[in-house]
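Structural features, examined
Here is what each chain is made of, one letter per residue.
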Amino acid sequence: MNHFTPELLAPAGNLDKLKTAILYGADAVYCAGQDYGLRAAADNFTQEELAVGVQFAHERGSKVYVVLNGFLHDEDLAGLPKFIQFLDSIKVDAVIVSDPGVALLVKEHSTIPLHVSTQASVLNLHGVKAWSELGATRVVLGREVTVHDAGTLQRTSGIEMEMFVHGAMCMAYSGHCVISNFTQGRDSNRGGCAHSCRFSYDIKFEDGQRESSFFMSSKDLEGLSVLPRFVQEGIVSLKVEGRMKSELYAATTTRVYRQALDFWKNHGSWENAPWMKWQEEMRKLPHRDETTASLIAPAGSDSIYDEREHVDQSWAMAGVILAASSERGVMIECRHTFDQTSQLEVLTFKGDVIELPVREMCAPDFTSIEKTKPSSLIRFPWIEGLAAGQVIRLKKVRS
Amino acid sequence: MKSVVYLTQASDLDLWQRSGVTDVILAVKDFSRSGTLSFEEAINLNEKATALGLNVSFDWDALMEEPRFLMLSKKLKDHFPFKACRVRDAGAVVWVRENLNCDIHLLLESGHHNLKAIESWQKRLGARLKRVALSPELPQATIKLWKPQLGLEIEILGLGPLLLFHSPRPLLSTLTSDKKEEWIAEGASEESPHKGFPLRENSHGTLMYHPKDLSIIERWNEMREVGIDYVRFDHRQQKSHAIVGLLATFISHPVESTRNTLKENWDREWMRGYWDVNKSDVLFDKLKNQNLSHSSRQCAVVLEGKKDSWLAIKVTGLKLNPQSQIEVMNPQGKSKTIKLHWLKNDAFQNVEELQMGEIGFIPWISGSPSKTKISLV
């Protein structure tokens, strides 16, 4: 028996990551074109790539939402109607907006469903109503809303609620931070955030007390342990943050959350759920300290990541399988150096990871090699279970 | 052009009225991020200000999650004697429209940088919408363009603190053992030269302001010319209340001498922000290597190469054949054009065609490292 299961919505910073997320089980992905989003530094998608991505997703039963969530100036809007019509023509499943002007344009120029970005900081029932008046069918709630309150808002309003479940977080109310705008000349609400919140600040209080602190830096959101609450409240969609992150991140987060949601879907209970195993998998990704932030109760001081940014990485991305067949063997695009002493694991799309013994490695022209280089291609002998698109991780050896 | 100030105590009323101030804002602790008044004090001040012929608006600029929203909005429904309500949160706007009879002043200082966004509110609020307080990120040219199209009173911050950051989380109190209602501090970022950020924590969370206050009042005539109807002054973070007198003098006589006196006695330096021009998107092109961005003619990307032998490629667009004429552009932007004379598939076998998504090999081209773009000529 299948039980209600929230949609798993994964980040897609480029076409490769879109494919990774979908192959690992995302019900939907969100991505951006070259303009109008909030990640100007991300690869993002050309129109050709968007068309390919939508087709790839739809062929596998997944959806694609395109973010148009910048706070746009008049001059930014000039090309937007044409882009909206293009998105409509390739049948994207929704656009995500935070600017009421953009919402009006979407409604005027297309029939694409409208989702409201967390950037709009919708926090209450009347906020949901304000956006439903503009035609929104889904609201990505502000990250300050608890799962319990989100469930109430969804039931009361009849509008779908989407919540962030995992990843890096703004400390500020989304859309209410303009530090970059006025200190770096980069509009954070048009994609130029300089992450000033991650720096150390010397704080001097009125009474002369001084402290040095990363007081504006938030721990990362961890919602895996809160999944039973999301399910209980019937939250329609769970969103993973991270369009700027690697394919290893896209693969791992999607894979683990997929396994957890499928466990619920198949059992209708969390009894005997392998939480430890899922948590251990997630720990293999580089991450800041974690918090459930405001998912259960309003985030407090324990949600501050009072440390300099550093990568605590026990595993790294070794590469991605470009082609795999029993006849031609396996071709891997390497992202890291490894050799015959290295410990590699392939993240399968379903089921357990596969240990990948490093032997009989050769270059694309079949000459033997001992050690890989980042950005190189290598060939491996065929192993049952390997497939194109799978991500390989490498256990890092501490020196 | 009229002046709007924050009324924080009854003893200022005469001064404001005599200076020519027409509008006062009452900021109540529960509803306003920098509010200092109780609701009862606000009701009392409203009566007195109204009696003097001043227009009074109630400030609701705080953001509220549903439980707090429900609890506090009930208070306003029971008794709301103010002429107007200043609202920021979209939910608060809709609630005020449905539950109060007052004028609505929209605080559009977060976003709303296009006319269409404001029109979305005009359509829904109709005649109830009297005024919009525009974003300090809008340059004067934009406001001038909008003014005749809006048909609304336009307000801007003329002089006062510029809020950069608002988090609902308690970020200062955690650093000290002091227990109080409000923590005030100053922050210096390790990102030199940014120092002296005013910081506050209260029941609404933590607020950080720009080290310099925004001041457009040196452009008094320009403000008038672009069609500003109301100029807002916010003196509330000034250490000495005596600044009120100097501010009132400037408002009654907005000339260079009174402005200079005000500036000399103002605690913080002034800056004009984006009043002249906003180019906060011009650096975006530098955030990533434009030589790597996809072009419509692009058909493949280089994955790896073996000197004098081959380039491994991934076909990302139009299909390739062994006779294709191609242009390669490396990540440094250097390009060259060549004609292929062979094409191999991922098994290193000669083929007549590679399709989108396939891995293959072409002859070595010097200066073409990983991520080099290949386009059909």
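Sequence positions are assigned chain by chain, starting from 1 and proceeding in written order. Each chain is given a letter, starting from A, and each ligand a number, starting from 1, according to the order in which they appear as written. Per-residue local features of the predicted model are confined to residues with pLDDT of at least 70, and side-chain atom pairs are confined, for both listing and counting, to 80 or more; whole-chain, interface and lining totals are unaffected and use all residues. Computation of side-chain values covers all heavy atoms of the structure but excludes hydrogens and water.

1. Topic: the overall build of chain A
Strands here are runs of E lasting at least two residues and helices are runs of H or I lasting at least four, both read from the DSSP assignment and numbered beginning at the N terminus. Counting its regular elements, chain A contains ten helices and 18 strands. In this treatment the radius of gyration is a C-alpha quantity, and the globule benchmark scales as 2.2 Å times the residue count to the 0.38 power. The C-alpha radius of gyration computed for chain A amounts to 22 Å, which stays within 12% of the reference 21 Å derived for 399 residues, consistent with globular compactness. Expressed as a percentage of its 399 residues, the buried residues of chain A come to 62%. The contacts in chain A between residues at least 6 apart in sequence include a share of 68% that link residues at least 24 apart. Of the roughly 14,800 Å² of accessible surface on chain A, 49% is carried by carbon and sulfur atoms. In this count, Lys and Arg are taken as positive residues and Asp and Glu as negative ones, while His and the chain termini are left out. We put the charge of a Lys on NZ, of an Arg on CZ, of an Asp on CG and of a Glu on CD. For chain A, the distance from the average position of its 41 positive side-chain charges to the average position of its 51 negative side-chain charges is 2 Å. Classification of residues uses two cut-offs on accessible area relative to the type maximum, computed with a 1.4 Å probe and protein chains only: under 20% is buried, over 50% is exposed, and between them is partly exposed. Note on contacts: a residue pair is in contact if any heavy atoms of the two residues lie within 4.5 Å. Only the protein chains shown count as cover for residues, with accessible areas throughout obtained via the Shrake-Rupley method and a probe of 1.4 Å.

2. Things to note about the domain arrangement of chain A
How big an interface is tends to be expressed through the accessible area that disappears when the partners come together. All names here are of chain A. A domain assignment, automatic or from a database, supplies the domain bounds used here. For chain A, the assigned domains read domain 1 (7–191 + 216–303) and domain 2 (315–395). Here the C-alpha centre of domain 2 lies 31 Å away from the C-alpha centre of domain 1. Taken together, the contact pairs twelve residues of domain 1 with 16 residues of domain 2. Here domain 1 meets domain 2 over a buried area of about 1,300 Å², counting both sides, of which 52% is carbon and sulfur. Computed with a 1.4 Å rolling probe, the buried area is the accessible surface lost when two parts are put together, summed over both parts. Counting the surface domain 1 buries against domain 2, the share from its top three residues, Tyr-24, Leu-248 and Lys-284, is 44%. Think of a salt bridge as a Lys or Arg side-chain nitrogen and an Asp or Glu carboxyl oxygen that are within 4 Å of each other. Between domain 1 and domain 2 we count four salt bridges in total. The partner of Lys-284 in a salt bridge is Glu-345, and the shortest N-O contact between them spans 3.8 Å. Two N or O atoms count as a polar contact when they lie within 3.5 Å, although within protein this holds only if one can serve as hydrogen donor and the other as acceptor, and sequence-adjacent residues are included solely when both atoms are side-chain atoms. Between domain 1 and domain 2 we count seven residue pairs in polar contact (both at pLDDT 80 or more) in total. Those elements giving two or more residues to the side of domain 1 that touches domain 2 turn out to be helix 1 (15–23), helix 9 (247–267) and helix 10 (275–283).

3. Notes on the interface of chain B and chain A
With 89 residues of chain B at the interface, the matching set in chain A holds 93 residues. Interface area for chain B against chain A, summed over the two sides, is near 7,700 Å², with a carbon-plus-sulfur share of 58%. A per-residue breakdown of the area chain B buries against chain A is headed by B:Arg169, B:Leu175 and B:Glu190, which together make up 9% of the total. Inspection of the region where chain B meets chain A yields nine salt bridges. In this structure, A:Asp16 and B:Lys314 form a salt bridge, with 3.2 Å as the shortest nitrogen-oxygen distance. The tally of links between chain B and chain A comes to 44 residue pairs in polar contact (both at pLDDT 80 or more). Here the side of chain B that touches chain A is composed, by residue class, of 41 nonpolar, 24 polar and 24 charged. By the convention used here, strands pair only if DSSP detects at least 2 bridges between them. Here strand 8 (residues 201–205) of chain A runs beside strand 9 (residues 183–189) of chain B; their pairing, made up of five bridges, is antiparallel. Across the sheet, A:Lys204 pairs through a bridge with B:Glu186, a residue of strand 9 of chain B. Each residue is assigned to one class: nonpolar for Ala, Val, Leu, Ile, Met, Phe, Trp, Tyr, Cys and Pro, charged for Asp, Glu, Lys and Arg, and polar for all the others, Gly among them.

4. Details of the sheet that holds strand 8 (residues 163–167) of chain B
What the six strands build is an open sheet, ordered 9(A)-8(A)-9(B)-10(B)-11(B)-8(B); its pairing is antiparallel. With one partner strand each, in any of the chains shown, strand 9 (210–213) of chain A together with strand 8 of chain B form the two edges of the open sheet. Going across the sheet, the axis of each strand differs from the next one's by a mean of 25°, ignoring polarity. Direction of pairing for strand 8 of chain A relative to strand 9 of chain A: antiparallel, over a ladder of four bridges. Counterpart to A:Ile203 in the pairing with strand 9 of chain A is A:Glu211. The convention used is that axes are lines fitted to C-alpha atoms, helices contributing only their stretch in contact, and that angles between N-to-C directions extend from 0 to 180 degrees.

5. Looking at the sheet that holds strand 17 (residues 377–380) of chain A
Strands in a sheet are paired, the pairing made by backbone hydrogen bonds, and the direction either parallel or antiparallel. All names here are of chain A. Spatial ordering of the open sheet is given by 16-15-18-13-14-17, a layout of six strands whose pairing is antiparallel. One side of each edge strand has no neighbouring strand; the edge strands of this open sheet are strand 16 (354–356) and strand 17. Each neighbouring strand pair of the sheet contributes to a mean axis angle of 35°, computed without reference to strand direction. The pairing of strand 14 (residues 329–334) with strand 17 spans four bridges and is antiparallel. Paired with Met-331 across the strands is Arg-379, a residue of strand 17.

6. Comments concerning the side chain of B:His105
In this structure, B:His105 sits in strand 5 (residues 103–108). Excluding residues that lie within four positions of it along the chain, B:His105 makes contacts with B:Ser57, B:Ala84, B:Cys85, B:Arg86, B:Val87, B:Lys130 and B:Arg131.

7. Here's the deal with the domain arrangement of chain B
Each domain of chain B was delimited in the assignment, giving domain 1 (2–162 + 212–284) and domain 2 (289–376). Here the C-alpha centre of domain 2 of chain B lies 58 Å away from the C-alpha centre of domain 1 of chain B.

8. Side note on unusual backbone geometry
Residues and elements named next belong to chain A. Positive phi is not limited to glycine here, since His-195 has a value of about 55°. With respect to the secondary-structure elements, His-195 resides in the loop between helix 7 (179–183) and strand 8. Phi is positive for Ala-293, close to 50°, though the residue is something other than glycine. Residue position: Ala-293 is located in the loop between strand 12 (290–291) and strand 13 (315–325).

9. A short note on the nonpolar core
Counting 207 residues, the largest nonpolar core has A:Leu68, A:Leu87 and B:Trp60 as the members making the most contacts within it. If you tally residues by element for this core, the top one is helix 9 of chain A, at nine residues. If we skip the residues at most four places from it in the chain, B:Trp60 touches B:Phe31, B:Phe69, B:Ser73, B:Leu76, B:Cys85, B:Arg86, B:Val87, B:Arg88, B:Ala92, B:Trp95 and B:Val96. Listed in part, the 17 residues of the second largest apolar core include A:Val330, A:Cys334, A:Phe338 and A:Val346. Among the buried residues, those of types Ala, Val, Leu, Ile, Met, Phe, Trp, Tyr and Cys that are joined through side-chain atoms within 4.5 Å form a nonpolar core.

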